[in-house]
Amino acid sequence: MTMISADPIPFAIGDILVLKKPHPCGSKEWRVLKLGADLRLVCLGCGRHIMLPRAEAERRLKKLIKETNQE
Ligand SMILES: [Zn+2]
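All residue numbers refer to position in the chain's written sequence, counted from 1. Selection of residues for local features in this predicted model requires a pLDDT of at least 70, selection of side-chain atom pairs for listing and counting requires 80 or more, and totals for whole chains, interfaces and linings are taken over all residues.

**Observations concerning the sheet that holds strand 4 (residues 49-53)**
Across the sheet, which stays open at both edges, the five strands sit in the order 4-3-2-1-5 with antiparallel pairing between neighbours. Since the sheet does not close on itself, it has two edges, and those belong to strand 4 and strand 5 (61-65), each with one partner. Mean inter-strand twist for the sheet, computed between neighbouring axes without regard to direction, equals 35°. As judged from the three bridges shared by strand 1 (residues 16-19) and strand 2 (residues 29-34), these two strands associate in the antiparallel manner. Bridged to L17 within strand 2 is W30. Paired strands are those between which DSSP finds at least two bridges. Helix numbering and strand numbering both begin at the N terminus, where a helix is a DSSP run of H or I of at least 4 residues and a strand a DSSP run of E of at least 2. All axes are obtained by fitting lines to C-alpha atoms, using only the stretch in contact for helices, and the reported angles, taken between N-to-C directions, cover 0 to 180 degrees.

Given below as structure tokens:
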């Protein structure tokens, strides 16, 4: 059975998203703070918070790092 890439990505709070395009600060990594229709993300480079629509996050996502044990 093959998985189609259009499947929803199982984002979870605490996960690190690596996006294709870097933030102006140079970091491509964001931590998930809150889930919903929009994801609340904090930039790991400069600490800035953004709201990103889930579909947009999935489009821009390069890599998802599960950080379930980290606080
Ligand atoms: Zn930044």
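There is more to say, and it comes next.
**As for the nonpolar core**
By convention the nonpolar core is taken to be a set of buried residues drawn from Ala, Val, Leu, Ile, Met, Phe, Trp, Tyr and Cys and joined through C-beta atoms within 7 Å. Neighbour density around each residue's C-beta defines its exposure: 20 or more other C-beta atoms within 10 Å make it buried, 12 or fewer make it exposed, and counts between make it partly exposed, where C-beta atoms are placed from the backbone. Counting residues in each nonpolar core, the largest one holds seven residues, listed as L17, L19, W30, V32, L39, L41 and C43. Of all elements in the fold, only strand 1, strand 2 and strand 3 (38-43) reach the threshold of two or more residues within this core. Broken down by element, this core gets its largest block of residues, three residues, from strand 3. This entry defines residue contacts through backbone-placed C-beta atoms, with two residues in contact when those atoms are within 7 Å. Discounting chain neighbours no more than four positions away, the residues touching C43 are H23, C25, S27, W30 and R48.

Keep in mind these values describe shape, not function.
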